[in-house]
Amino acid sequence: MLRASARLVAEGNRRAPMERIVYRHDGFTPESEARISLFDRGFLFGDAVYEVTAALDGRLIDEDLHLERLERSLSELEIPMPLPRAEIAGIQAELVARNGLKEGVVYLHVSRGAADRDFIWSEDLKPLLIGFTQTKIVRDSPSQREGIAVDLAPDPRWARRDVKTAMLLGQALAKRAARRRGFQEVWLVEEGEITEGASSTAWIVTREGRIVTRGNSWAVLPGCTRRAVLRLCAEQGLSFEERAFSPEEAQAAAEAFVTSATSFVTPVVRIGDEILGDGRPGPTTRRLQALYLEAVSKPEAAPA
Ligand code: PDD
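Residues numbered from 1 in each chain as written. Predicted model: local features only at pLDDT ≥ 70, side-chain atom pairs only at ≥ 80, totals over all residues. Heavy atoms only, no water.

Asks: Can you help me understand the packing of aromatic side chains in this one?
Replies: Centre-to-centre distance and the angle between the planes together describe a pair of aromatic rings. If you walk through the whole model with that rule in mind, you get 7 aromatic pairs. Consider the rings of Tyr 23 and Phe 28, whose centres lie 5.1 Å apart with planes at 70 degrees: the pair is edge-to-face. Relative accessible area serves as the criterion here: at 7%, Tyr 23 is assigned to the buried category. When its relative accessible area of 24% is taken as the criterion, Phe 28 is described as partly exposed. Grouped by ring-pair contacts, the aromatic residues Tyr 50, Tyr 107 and Phe 132 constitute a single cluster. (Phe/Tyr/Trp six-rings, centres within 6.5 Å; stacked < 30°, edge-to-face > 60°. Buried < 20%, exposed > 50% of the residue type's maximum accessible area, 1.4 Å probe, protein only.)

This is the structure in C-alpha coordinates:
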(Lines give C-alpha, C1' and ligand atoms only; values in the text may rest on other atoms or scores of the structure.)
Protein backbone atom coordinates (compact mmCIF):
# COMPACT_ATOMS: atom_id res chain seq x y z
CA MET A 1 0.00 0.00 0.00
CA LEU A 2 1.27 3.47 -0.84
CA ARG A 3 1.88 5.84 2.05
CA ALA A 4 -0.78 8.54 2.13
CA SER A 5 1.80 11.21 1.29
CA ALA A 6 3.13 9.22 -1.69
CA ARG A 7 -0.41 8.58 -2.84
CA LEU A 8 -1.18 12.29 -2.90
CA VAL A 9 1.89 12.90 -5.04
CA ALA A 10 1.00 9.99 -7.32
CA GLU A 11 -2.47 11.41 -7.80
CA GLY A 12 -1.00 14.79 -8.68
CA ASN A 13 -3.21 16.16 -5.94
CA ARG A 14 -3.34 19.90 -5.32
CA ARG A 15 -2.73 19.23 -1.60
CA ALA A 16 0.72 19.46 -0.08
CA PRO A 17 2.48 16.09 -0.43
CA MET A 18 3.25 15.72 3.29
CA GLU A 19 -0.34 16.30 4.30
CA ARG A 20 -1.80 13.85 6.79
CA ILE A 21 -5.18 12.26 6.62
CA VAL A 22 -7.04 13.13 9.81
CA TYR A 23 -10.38 12.08 11.23
CA ARG A 24 -13.03 14.69 11.88
CA HIS A 25 -16.25 13.42 13.27
CA ASP A 26 -17.83 11.54 10.45
CA GLY A 27 -15.00 10.99 8.04
CA PHE A 28 -11.37 11.01 7.00
CA THR A 29 -10.06 14.14 5.32
CA PRO A 30 -6.74 15.77 4.43
CA GLU A 31 -5.61 17.94 7.34
CA SER A 32 -5.95 21.20 5.36
CA GLU A 33 -9.62 20.45 4.77
CA ALA A 34 -10.55 19.54 8.35
CA ARG A 35 -12.73 22.22 9.97
CA ILE A 36 -14.29 22.57 13.40
CA SER A 37 -16.78 25.11 14.66
CA LEU A 38 -15.64 28.38 16.22
CA PHE A 39 -18.22 27.63 18.91
CA ASP A 40 -16.81 24.24 19.81
CA ARG A 41 -16.73 24.01 23.63
CA GLY A 42 -13.34 22.33 23.52
CA PHE A 43 -12.02 25.52 21.95
CA LEU A 44 -13.95 28.01 24.12
CA PHE A 45 -13.97 26.21 27.51
CA GLY A 46 -11.32 23.49 27.27
CA ASP A 47 -14.41 21.25 27.54
CA ALA A 48 -12.78 18.21 25.94
CA VAL A 49 -10.82 15.08 26.77
CA TYR A 50 -8.07 13.34 24.85
CA GLU A 51 -5.87 10.26 24.59
CA VAL A 52 -2.40 9.73 23.17
CA THR A 53 -1.58 6.15 22.16
CA ALA A 54 1.81 5.08 20.85
CA ALA A 55 2.19 3.20 17.59
CA LEU A 56 5.12 0.88 17.12
CA ASP A 57 5.70 -1.09 13.93
CA GLY A 58 2.24 0.11 12.92
CA ARG A 59 0.56 -1.41 16.02
CA LEU A 60 -1.09 0.57 18.81
CA ILE A 61 0.38 0.03 22.27
CA ASP A 62 -1.89 -0.49 25.30
CA GLU A 63 -4.82 0.53 23.10
CA ASP A 64 -7.50 -1.08 25.28
CA LEU A 65 -6.22 0.75 28.35
CA HIS A 66 -6.35 4.09 26.53
CA LEU A 67 -9.86 3.49 25.19
CA GLU A 68 -11.03 2.41 28.64
CA ARG A 69 -9.62 5.64 30.12
CA LEU A 70 -11.19 7.72 27.33
CA GLU A 71 -14.56 6.25 28.20
CA ARG A 72 -13.99 6.96 31.89
CA SER A 73 -12.87 10.58 31.29
CA LEU A 74 -15.99 11.19 29.17
CA SER A 75 -18.29 9.64 31.73
CA GLU A 76 -16.77 11.76 34.56
CA LEU A 77 -17.62 14.87 32.51
CA GLU A 78 -21.01 13.52 31.41
CA ILE A 79 -20.04 13.67 27.74
CA PRO A 80 -21.54 10.75 25.81
CA MET A 81 -19.20 8.39 23.96
CA PRO A 82 -19.28 9.72 20.38
CA LEU A 83 -19.09 6.17 19.00
CA PRO A 84 -18.82 2.66 20.46
CA ARG A 85 -15.31 1.70 21.57
CA ALA A 86 -14.83 -0.81 18.75
CA GLU A 87 -15.59 1.85 16.14
CA ILE A 88 -13.13 4.27 17.72
CA ALA A 89 -10.52 1.48 17.62
CA GLY A 90 -11.34 1.03 13.92
CA ILE A 91 -10.78 4.75 13.29
CA GLN A 92 -7.41 4.60 15.07
CA ALA A 93 -6.37 1.59 12.96
CA GLU A 94 -7.42 3.38 9.80
CA LEU A 95 -5.51 6.53 10.77
CA VAL A 96 -2.38 4.41 11.21
CA ALA A 97 -2.93 2.64 7.88
CA ARG A 98 -3.90 5.69 5.83
CA ASN A 99 -0.88 7.64 7.06
CA GLY A 100 1.53 4.71 6.84
CA LEU A 101 2.47 5.37 10.48
CA LYS A 102 5.21 3.02 11.65
CA GLU A 103 6.38 4.76 14.84
CA GLY A 104 4.64 7.64 16.54
CA VAL A 105 1.33 8.43 18.18
CA VAL A 106 -2.37 8.57 17.48
CA TYR A 107 -4.09 11.53 19.14
CA LEU A 108 -7.82 11.27 19.88
CA HIS A 109 -9.88 14.17 21.19
CA VAL A 110 -13.55 14.40 22.10
CA SER A 111 -15.15 17.76 22.85
CA ARG A 112 -18.63 18.22 24.27
CA GLY A 113 -19.72 19.82 20.99
CA ALA A 114 -20.59 23.24 19.60
CA ALA A 115 -23.24 25.73 20.79
CA ASP A 116 -23.57 29.44 21.56
CA ARG A 117 -21.22 30.30 24.39
CA ASP A 118 -22.83 29.49 27.73
CA PHE A 119 -21.32 27.99 30.89
CA ILE A 120 -24.35 25.73 31.17
CA TRP A 121 -24.50 23.33 28.27
CA SER A 122 -27.62 21.79 26.86
CA GLU A 123 -27.97 18.05 27.14
CA ASP A 124 -28.51 17.47 23.43
CA LEU A 125 -25.05 18.54 22.24
CA LYS A 126 -23.40 16.17 19.78
CA PRO A 127 -19.83 15.40 20.88
CA LEU A 128 -17.08 16.02 18.35
CA LEU A 129 -14.45 13.32 17.81
CA ILE A 130 -11.22 14.16 16.04
CA GLY A 131 -8.09 12.09 15.52
CA PHE A 132 -4.71 12.46 13.89
CA THR A 133 -1.29 10.81 13.76
CA GLN A 134 2.12 12.22 14.56
CA THR A 135 5.44 10.63 13.71
CA LYS A 136 7.71 10.41 16.76
CA ILE A 137 10.49 8.21 18.09
CA VAL A 138 8.87 6.30 20.94
CA ARG A 139 11.41 3.46 21.22
CA ASP A 140 15.11 3.89 21.86
CA SER A 141 15.11 7.69 22.02
CA PRO A 142 18.20 9.50 23.36
CA SER A 143 16.20 10.24 26.55
CA GLN A 144 15.47 6.54 27.03
CA ARG A 145 19.12 5.68 26.50
CA GLU A 146 20.77 8.40 28.58
CA GLY A 147 18.07 9.50 31.00
CA ILE A 148 16.59 12.94 31.62
CA ALA A 149 16.78 15.70 34.22
CA VAL A 150 13.50 16.68 35.91
CA ASP A 151 12.76 20.02 37.53
CA LEU A 152 10.50 20.54 40.56
CA ALA A 153 7.65 23.08 40.56
CA PRO A 154 4.32 23.69 42.32
CA ASP A 155 1.41 21.80 40.75
CA PRO A 156 -0.70 24.51 39.09
CA ARG A 157 -3.62 22.33 37.92
CA TRP A 158 -7.28 21.95 38.81
CA ALA A 159 -8.46 19.28 41.26
CA ARG A 160 -9.65 16.59 38.78
CA ARG A 161 -6.36 15.48 37.29
CA ASP A 162 -7.69 11.93 36.99
CA VAL A 163 -9.70 13.15 33.98
CA LYS A 164 -7.53 13.54 30.88
CA THR A 165 -8.85 16.92 29.82
CA ALA A 166 -7.45 19.09 27.07
CA MET A 167 -6.92 21.92 29.63
CA LEU A 168 -3.15 21.64 29.47
CA LEU A 169 -2.00 25.23 29.98
CA GLY A 170 -0.69 24.53 33.49
CA GLN A 171 1.42 21.67 32.17
CA ALA A 172 2.54 23.60 29.09
CA LEU A 173 3.73 26.56 31.21
CA ALA A 174 5.44 24.30 33.74
CA LYS A 175 7.20 22.37 30.98
CA ARG A 176 8.32 25.52 29.22
CA ALA A 177 9.76 26.99 32.45
CA ALA A 178 11.56 23.69 33.10
CA ARG A 179 12.89 23.57 29.54
CA ARG A 180 14.28 27.08 29.90
CA ARG A 181 16.11 25.93 33.01
CA GLY A 182 17.64 23.03 31.10
CA PHE A 183 15.31 20.22 32.24
CA GLN A 184 13.40 17.81 30.01
CA GLU A 185 10.42 17.25 32.35
CA VAL A 186 9.04 18.72 35.56
CA TRP A 187 7.68 16.89 38.60
CA LEU A 188 4.78 18.79 40.10
CA VAL A 189 4.59 19.21 43.88
CA GLU A 190 1.54 19.71 46.10
CA GLU A 191 1.47 19.79 49.90
CA GLY A 192 5.03 18.53 50.11
CA GLU A 193 4.48 15.54 47.82
CA ILE A 194 5.10 14.90 44.15
CA THR A 195 1.88 14.38 42.23
CA GLU A 196 3.31 13.43 38.82
CA GLY A 197 5.25 14.74 35.84
CA ALA A 198 3.66 17.43 33.66
CA SER A 199 3.06 14.75 31.02
CA SER A 200 4.24 11.53 32.66
CA THR A 201 3.92 9.37 35.78
CA ALA A 202 6.70 9.79 38.38
CA TRP A 203 8.48 6.79 39.92
CA ILE A 204 11.40 6.24 42.28
CA VAL A 205 13.38 3.17 43.35
CA THR A 206 14.34 3.37 47.02
CA ARG A 207 17.77 2.40 48.32
CA GLU A 208 16.12 -0.79 49.59
CA GLY A 209 15.12 -1.57 46.00
CA ARG A 210 11.38 -0.87 46.29
CA ILE A 211 9.70 0.60 43.23
CA VAL A 212 7.38 3.44 44.28
CA THR A 213 4.72 5.41 42.41
CA ARG A 214 1.83 7.44 43.76
CA GLY A 215 -1.54 5.70 44.13
CA ASN A 216 -4.37 6.72 41.82
CA SER A 217 -6.74 9.43 43.06
CA TRP A 218 -8.10 12.75 41.81
CA ALA A 219 -4.55 14.14 42.22
CA VAL A 220 -3.04 12.27 39.26
CA LEU A 221 -3.85 10.86 35.86
CA PRO A 222 -4.17 7.07 36.07
CA GLY A 223 -1.39 6.34 33.59
CA CYS A 224 -1.89 3.48 31.14
CA THR A 225 1.85 2.85 30.99
CA ARG A 226 1.89 2.96 34.80
CA ARG A 227 -0.75 0.23 34.84
CA ALA A 228 1.17 -1.91 32.37
CA VAL A 229 4.46 -1.46 34.26
CA LEU A 230 2.85 -2.28 37.64
CA ARG A 231 1.52 -5.47 36.10
CA LEU A 232 5.02 -6.35 34.89
CA CYS A 233 6.38 -5.69 38.41
CA ALA A 234 3.77 -8.07 39.85
CA GLU A 235 4.49 -10.73 37.22
CA GLN A 236 8.23 -10.50 37.82
CA GLY A 237 7.90 -10.53 41.61
CA LEU A 238 9.51 -7.08 41.90
CA SER A 239 8.75 -5.27 45.13
CA PHE A 240 6.61 -2.17 44.63
CA GLU A 241 4.48 0.26 46.60
CA GLU A 242 1.76 2.69 45.54
CA ARG A 243 2.21 5.73 47.78
CA ALA A 244 3.10 9.40 47.59
CA PHE A 245 6.70 10.55 48.05
CA SER A 246 8.30 13.93 48.69
CA PRO A 247 10.85 15.77 46.55
CA GLU A 248 13.43 15.11 49.29
CA GLU A 249 12.77 11.36 49.23
CA ALA A 250 13.00 11.38 45.44
CA GLN A 251 16.29 13.27 45.49
CA ALA A 252 17.72 10.73 47.95
CA ALA A 253 16.41 7.72 45.99
CA ALA A 254 18.66 5.17 44.31
CA GLU A 255 16.90 5.57 40.94
CA ALA A 256 13.98 7.36 39.35
CA PHE A 257 12.11 7.17 36.08
CA VAL A 258 9.00 8.38 34.29
CA THR A 259 6.46 6.50 32.23
CA SER A 260 4.03 7.62 29.54
CA ALA A 261 2.63 6.49 26.23
CA THR A 262 5.25 8.52 24.40
CA SER A 263 8.30 7.95 26.61
CA PHE A 264 7.67 4.30 27.66
CA VAL A 265 10.09 3.86 30.62
CA THR A 266 12.53 6.78 30.64
CA PRO A 267 15.27 7.01 33.29
CA VAL A 268 15.62 10.15 35.43
CA VAL A 269 19.24 10.89 36.32
CA ARG A 270 18.80 14.30 38.00
CA ILE A 271 16.00 15.81 40.08
CA GLY A 272 16.40 19.57 40.55
CA ASP A 273 20.03 20.05 41.61
CA GLU A 274 20.50 16.47 42.83
CA ILE A 275 22.21 13.94 40.61
CA LEU A 276 20.94 10.43 41.36
CA GLY A 277 23.58 7.78 42.04
CA ASP A 278 26.39 8.01 39.50
CA GLY A 279 24.23 10.08 37.12
CA ARG A 280 23.46 7.11 34.90
CA PRO A 281 20.24 5.10 34.53
CA GLY A 282 20.00 2.50 37.31
CA PRO A 283 19.64 -1.29 36.98
CA THR A 284 15.99 -1.55 38.10
CA THR A 285 14.98 1.15 35.62
CA ARG A 286 16.91 -0.62 32.87
CA ARG A 287 15.19 -3.89 33.72
CA LEU A 288 11.71 -2.35 33.62
CA GLN A 289 12.57 -0.55 30.41
CA ALA A 290 13.60 -3.85 28.80
CA LEU A 291 10.56 -5.72 30.16
CA TYR A 292 8.13 -3.09 28.87
CA LEU A 293 9.82 -2.92 25.50
CA GLU A 294 9.74 -6.69 25.19
CA ALA A 295 6.04 -6.76 26.11
CA VAL A 296 5.03 -4.07 23.61
CA SER A 297 7.23 -5.46 20.85
CA LYS A 298 5.32 -8.74 20.70
CA PRO A 299 3.11 -8.94 17.61
CA GLU A 300 0.00 -9.39 19.77
CA ALA A 301 1.17 -6.22 21.65
CA ALA A 302 0.71 -4.71 25.03
CA PRO A 303 0.61 -6.02 28.56
CA ALA A 304 -2.96 -5.10 29.58
N1 PDD B 1 0.51 12.38 28.72
N2 PDD B 1 0.36 12.13 33.80
C3 PDD B 1 0.08 13.13 32.94
C4 PDD B 1 -0.28 14.46 33.51
C5 PDD B 1 0.10 12.91 31.56
O6 PDD B 1 -0.22 13.91 30.71
C7 PDD B 1 0.47 11.63 31.06
C8 PDD B 1 0.50 11.31 29.60
C9 PDD B 1 0.76 10.62 32.00
C10 PDD B 1 1.10 9.21 31.56
O11 PDD B 1 -0.05 8.54 31.12
P12 PDD B 1 0.04 7.39 30.01
O13 PDD B 1 1.02 6.39 30.53
O14 PDD B 1 -1.31 6.86 29.96
O15 PDD B 1 0.50 8.03 28.73
C16 PDD B 1 0.70 10.90 33.35
C17 PDD B 1 0.45 12.16 27.28
C18 PDD B 1 1.55 11.32 26.76
C19 PDD B 1 0.34 13.52 26.59
O20 PDD B 1 -0.37 14.36 27.11
O21 PDD B 1 0.92 13.71 25.52
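Once you've had a look at it, read on.
Asks: How do you make sense of empty space enclosed by the protein when you look at a structure like this?
Replies: Where empty space is left becomes clear once a probe the size of a water molecule has been rolled over the atoms. Within this structure, the stated rule accounts for 1 cavity of 30 Å³ or more. Space inside the largest cavity adds up to approximately 60 Å³. Around the largest cavity, the lining residues are Ile 194, Thr 195, Glu 196, Thr 201, Ala 202, Thr 213, Arg 214, Asn 216, Val 220, Leu 221, Arg 226 and Phe 245. Per-element tally for the lining of the largest cavity: the top contributor is strand E9 (residues 193–197), with 3 residues. Tallied by class, residues from the lining of the largest cavity come to 5 nonpolar, 4 polar and 3 charged. (1 Å grid on protein atoms, 1.4 Å probe; cavity = no way out; pocket = protein on both sides within 12 Å on 5 of 7 lines; lining within 4 Å. Points joined across faces, edges and corners; volume = space filled by probe spheres on them. Helix = DSSP H or I, 4+ residues; strand = E, 2+ residues; numbered from the N terminus. Nonpolar A, V, L, I, M, F, W, Y, C, P; charged D, E, K, R; others polar.)

Asks: Hey, could you run me through the nonpolar core in this one?
Replies: Considering soluble globular proteins, one finds that nonpolar side chains tend to be buried as a cluster. If you look at the biggest cluster of nonpolar residues, it comprises 25 residues, and the most contacted ones within it are Ile 211, Val 229, Phe 257, Phe 264, Leu 288 and Tyr 292. Those elements giving two or more residues to this core turn out to be strand E3 (48–56), strand E5 (104–111), strand E10 (201–205), helix H7 (224–236), strand E14 (264–271) and helix H9 (283–297). Shared between two domains, this core holds at least three residues of each, these being domain 1 (2–135) and domain 2 (142–297). (Core = buried A, V, L, I, M, F, W, Y, C linked by side-chain atoms within 4.5 Å. Domains from an automatic or database assignment.)

Asks: Help me understand the pairing of strand E8 (residues 185–190) in this model?
Replies: Where a strand is regular, its side chains alternate between the two sheet faces. Bridge count between strand E7 (residues 148–154) and E8: 5 bridges; the pairing is parallel. When the bridges of E8 are listed, Pro 154 appears paired with Val 189. Regarding topology, helix H6 (residues 169–180) serves as the crossover connection from E7 to the parallel E8, and that connection is right-handed. In terms of strand pairing, E8 meets E9 through 3 bridges, oriented antiparallel. Bridged to Val 189 within E9 is Ile 194. The hairpin formed by E8 and E9 contains 2 residues between the paired strands, and Glu 191 there has a positive phi angle of roughly 45 degrees. (Pairing = 2+ DSSP bridges. Right-handed = clockwise from strand over helix to strand, strands pointing away.)

Asks: Could you clarify how one ought to interpret the pattern of salt bridges in this entry?
Replies: Pairs can form between side chains of opposite charge once their charged atoms are near each other. The full count for this structure, using the stated rule, is 24 salt bridges. Taking the shortest distance from any N to any O, the salt bridge between Arg 227 and Glu 68 comes out at 3.2 Å. Taken together, the residues Arg 227 in helix H7 and Glu 68 in helix H3 (residues 63–76) connect sequence positions 159 residues apart. Residue class for Arg 227 comes out partly exposed when judged on its relative accessible area of 41%. Of the charged contacts, one joins Glu 242 and Arg 226 as a salt bridge, the two residues approaching to 2.6 Å between their closest N and O atoms. One end of the pair, Glu 242, is in strand E12 (residues 240–242); the other, Arg 226, is in helix H7, with 16 residues separating them in the sequence. According to the relative accessible area criterion, Glu 242 is partly exposed, its value standing at 45%. (Salt bridge = Lys/Arg side-chain N within 4 Å of Asp/Glu carboxyl O.)

Geometric descriptors of this kind do not, in isolation, establish any biological role.
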